[in-house]
Amino acid sequence: MADTREESEPLLSRARGGSGRDCPRGVPACSSVQESPGAAARRDLCLDQAVVLIEDAIQYRSINHRMDARSLWLYRRYYSGSSQWILSFTIFLILALAFVETPSSLTRTSDVRYRLAPWEPPCGLTEGVEALCLLVFAADVSVKSYLIGWAQFRRNPWLLAYLVVLVVSLLDWIVSLSLVCQEPLRVRRLLRPFFLMQNSSMMKKTLKCIRRSLPEMASVGLLLAVHLCLFTVFGMLLFTGEKDAGQDRERLTYFFNLPEALTTLLVLLTTANNPDVMIPVYSRNRAYAIFFIAFTLIGSLFLMNLMTAIIYNQFRGYLMMSLQTSLLRRRLGTRAAYKVLSSVTAEGETHPERLGVKPEDFLQVLQKVQLDSDHKQAITEKLHSRGGGLLSTDEFQKLFDEFEKRVVKEHPPRPEYRSPFLRTTQFLFGHHYFDYLGNLMALGNLVTICVFLVLDAHVLPKDRDDFVLGILNCIFILYYLLEMLLKAFSLGLQGYLSYSSNVFDGLLTIVLLVLEISTLAVYGFPHRGWKPAMLGLLSLWDMTRLVNVLIVFRFLRIIPSMKLMSLVASTILDLIKNMRAFGGILVVIYYVFAIIGISLFRGVVVAPRNSSLASVNGSVPCGSFEQLEYWPNNFDDFAAALVTLWDVMIVNNWQVFLDAFRRYAGPWSEVYFVLWWLVSSVIWVNLFLALILENFLHKWDRRSHLQSLTEELEDTSEMTEELPFRDVLEEPTEEELVEKLSRHPHLQLCR
């Protein structure tokens, strides 16, 4: 929660209620934490401290918080599932208000030609919801500041900024109500993404790494600026001929003045206007191609890729550094729990050097820890498998190695049949070759759908004869049903449902069966010339399309069967799970730029008087905003702004947006779009690419090591994200752990 720093006077020292007695060396003085009527109260306090410290270790949280009984109770309530869900929902709710607030996004389309007047909430409705959210955030920052103490709070820049953002938001909220929601700008909208950032430690680390990479990125950015300026000057000098019509056309279109020439080459840096920008002069003289090829080689293929290399170099150790920090927090939490529990054992012992943790104390603590029953059972079994006596430091730590494994429930045993025929049938349809046959049938079904899509490409849906395709779909769906029943017979119902792939297949098979029965009930059995009129909600073609979509989706079942594809797919899934911080950063920059874009460009894109103007007559230039009918791309509401920013981030035809908003809003609008391109396409996309490379290379290079570990653990567990990297992570030293524990601001160590 905060960095480890030593207070000038620990809150729980002897002067504040400690007993003042001497303690065995290296043992936390639980009795010095709070005055208690007897040993039983001190013992309960120590056990509660151990529970919280173990939970901190499980969740990789900092242990630097208050350790008295009242604070421990509040701490556990704050980090309970319900409290964190309320906080996460509040963050989601306050961010989602942008879709409902004026200008509202509650319209069917964002096209300025067809959009109707949206429903606007009355003044005070969204403000009331926002006030509730701000109250939750005020309670959040109050609890956090109390739990870590004032000395830690005033040294934590994120919590101080949290308080400032809350105060500014509250003042802006008061201004809104006083102006009856008619204020031109709401500053608090720009501050809302901060609530998302401050609640994620990974997002904070990501921002720190981005800040660390800024000097190197700035150096490459300077080279890019010099490159752009030099070629802009060269271009304006080259394309100013008076006799060559091609040169004059190039100058008037792309190099008319310095800002326009600079914008043209900036867009060419992203290759969005290539080769359009080259064609006017290249059609007259092929030698002019050298200018554009040289610019693209130096800028796009060298300097832009150099930017990617610099960001990757800065982030190549980011994943390992994050995992190393997580490992340190886990080891620190478990070590602190050991010392607290060993202090319970120290009560009444005459030989402190023989102290350790009693197994019964540990089991009592384990029952209170918020942990799933599977992990609790695994740790309990591991504890019972050892001999008697006190737990040493190493033995205590080894028990918590189970946290680094995902316990996998064993599949239920297969049913036993007495009949030899049934046993043979069970063997045949329970064999993995039967899965291969199912994959082959799914592939055949997909091929038939593709064949009919090609054959009927030029036939209107109302004129198609779905007789053959309908018969084939019936056959395949009946096979899927038979496959599901035979697998359930071979594995048993519980065994069948214990495999996620079977649940996936079975669910889609049932949906397909229901759709097929509904189709047959409404439109009858397939026959030649099977083209009935629409009955009910969906036509026959719509029903067939829906069935085909589900069949194509069911084809994904083959991925786990292909080892190489399965490895790549699992790596992608792991990346998605571990990329929440970077997804959060993307949400933040989208949110901020969308709010700024609404403030700057709302209402500047106006629908033409004749809605068919751009597509019928030739009064608009080819390739312009109007001719391409980009009318839905605007900043008239929050949802439309997000889509517009996405289209610009892809940089395909983004010169169209630059030209349109320069004409509609003024030349200064280009600054906004260029900044968005720098932040999204250059920094964030390269950052995301660097993290993908870092994750994928580590997983790919260690695939043989991963497979060997999986073989060892396949019966009982799966690996968490740290386990494949255990060979490159360094275990914290004993001195490092003791030193950090000795500087704990609230847990007074015995000296």
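As annotated in an unreviewed UniProt entry, the chain carries the name Two pore channel protein 2 and comes from Ovis ammon polii. Under Subunit (unreviewed entry), UniProt gives the following word-for-word description of the chain: "Homodimer. Interacts with LRRK2. Interacts with HAX1. Interacts with MTOR; the interaction is required for TPCN2 ATP sensitivity. Found in a complex with LSM12, TPCN1 and TPCN2. Interacts with LSM12." Here is the UniProt Sequence similarities (unreviewed entry) comment for the chain, exactly as written: "Belongs to the calcium channel alpha-1 subunit (TC 1.A.1.11) family. Two pore calcium channel subfamily."

Asker: Is there a simple way to think about unusual backbone geometry in this case?
Answerer: Phi is mostly negative for residues that are not glycine, and the peptide bonds are mostly trans. The residue after Thr-102, namely Pro-103, is reached through a cis peptide bond having omega 0 degrees. Relative to the elements of secondary structure, Pro-103 occurs in the loop between α3 (81–96) and α4 (125–148). Between Asn-274 and the following residue, Pro-275, the backbone shows a cis peptide bond with an omega angle of 5 degrees. Along the chain, Pro-275 falls in the loop between α11 (258–269) and α12 (279–282). Even without being a glycine, Tyr-60 presents a positive backbone phi close to 60 degrees. With respect to the helices and strands, the residue Tyr-60 is situated in the loop between α1 (39–58) and α2 (69–78). Judged by its relative accessible area of 22%, Tyr-60 falls in the partly exposed class. One non-glycine residue, Val-180, lies in the positive phi region at around 55 degrees. With respect to the element layout, Val-180 can be found in the loop between α6 (157–178) and α7 (187–191). Looking at Val-180, the relative accessible area reads 51%, which means it is exposed.

Asker: How should I be thinking about the side chain of Asp-637 in this particular structure?
Answerer: Tracing the chain through its elements places Asp-637 in the loop between α26 (613–616) and α27 (638–649). One buried charged side chain, Asp-637, makes no salt bridge at all; its nearest oppositely charged neighbour is Arg-115, positioned 4.0 Å away. Residues in contact with Asp-637, not counting those within four places in the same chain, are Pro-103, Ser-104, Ser-105, Arg-115 and Ile-598.

Asker: I would appreciate a short explanation of the pattern of salt bridges in the present structure.
Answerer: Pairing between side chains becomes possible if they bear opposite charge and their charged atoms approach one another. All chains considered together, the criterion is met by 25 salt bridges. As a salt-bridge pair, Asp-56 and Arg-61 come within 3.0 Å of each other at their nearest N and O atoms. Among the residues examined, Asp-56 registers a relative accessible area of 0% and is labelled buried. Residue classification places Arg-61 among the buried residues on the basis of a relative accessible area of 14%. Between Glu-101 and Arg-192 there is a salt bridge, and its shortest N-O distance comes to 2.7 Å. Of this pair, Glu-101 sits in the loop between α3 and α4 while Arg-192 sits in the loop between α7 and α8 (193–198), and the two are 91 residues apart along the sequence. Arg-192 gets classed as buried once you look at its relative accessible area, which sits at 0%. A single network of salt bridges, built from pairs that share partners, joins Glu-101, Glu-127, Glu-130, Asp-172, Glu-183, Arg-186, Arg-188, Arg-189 and Arg-192.

Asker: Looking at this model, I keep getting lost on the packing of aromatic side chains. Mind explaining?
Answerer: Aromatic ring pairs are reported here in terms of the distance separating the ring centres and the angle at which the planes meet. Tallied over the entire structure, the rule returns 45 aromatic pairs. Seen from their ring centres, Phe-593 and Tyr-672 are 5.8 Å apart, and the 55 degrees between their planes marks the pair as tilted. Within this pair, whereas Phe-593 is found in helix α25 (residues 580–601), its partner Tyr-672 is found in helix α29 (residues 669–701), the two being separated by 79 residues in sequence. For Tyr-672, a relative accessible area of 6% puts it in the buried group. By way of ring pairs, the aromatic residues Tyr-590, Phe-593, Phe-601, Phe-635, Phe-661, Trp-668, Tyr-672, Phe-673 and Trp-676 are connected into one cluster. Positioned over the ring face of Tyr-79 is Arg-61, at 4.1 Å from the centre of the ring. Between the NZ or CZ atom of Arg-663 and the centre of the ring of Tyr-664, over which it lies, the distance is 5.5 Å.

Asker: Honestly, helix α15 (residues 359–368) in this entry has me stumped. Any pointers?
Answerer: Three or four residues apart is the spacing at which side chains of an α-helix point the same way, because the helix has 3.6 residues per turn. Residues of α15 that are buried: Pro-359, Asp-361, Phe-362, Val-365 and Leu-366. Mapping the buried residues of α15 onto a view down its axis gives an arc of 155 degrees, with all of them on the same face.

Asker: Would you explain the state of the cysteines in this entry?
Answerer: Joining two cysteines, a disulfide is a covalent bond between their sulfur atoms. Within this structure, the stated rule accounts for one disulfide. Between Cys-123 and Cys-181 runs a disulfide, and the two sulfur atoms are separated by 2.0 Å. Judged by the torsion about the S-S bond (70 degrees), the Cys-123/Cys-181 disulfide is right-handed. Of the two residues, Cys-123 sits in the loop between α3 and α4 while Cys-181 sits in the loop between α6 and α7, which places them 58 residues apart along the sequence. When its relative accessible area of 40% is taken as the criterion, Cys-123 is described as partly exposed. Residue classification places Cys-181 among the buried positions, given a relative accessible area of 16%.

Procedures and definitions
- Residues numbered from 1 in each chain as written.
- Predicted model: local features only at pLDDT ≥ 70, side-chain atom pairs only at ≥ 80, totals over all residues.
- Heavy atoms only, no water.
- UniProt positions renumbered as here; feature names shortened; annotations may be inferred.
- Helix = DSSP H or I, 4+ residues; strand = E, 2+ residues; numbered from the N terminus.
- Buried < 20%, exposed > 50% of the residue type's maximum accessible area, 1.4 Å probe, protein only.
- Lys, Arg positive; Asp, Glu negative; His and termini not counted.
- Salt bridge = Lys/Arg side-chain N within 4 Å of Asp/Glu carboxyl O.
- Contact = heavy atoms within 4.5 Å.
- Phe/Tyr/Trp six-rings, centres within 6.5 Å; stacked < 30°, edge-to-face > 60°.
- Lys NZ or Arg CZ within 6 Å of the ring centre and 35° of its normal.
- Arc of directions from axis to C-beta.
- Disulfide = S-S within 2.5 Å.

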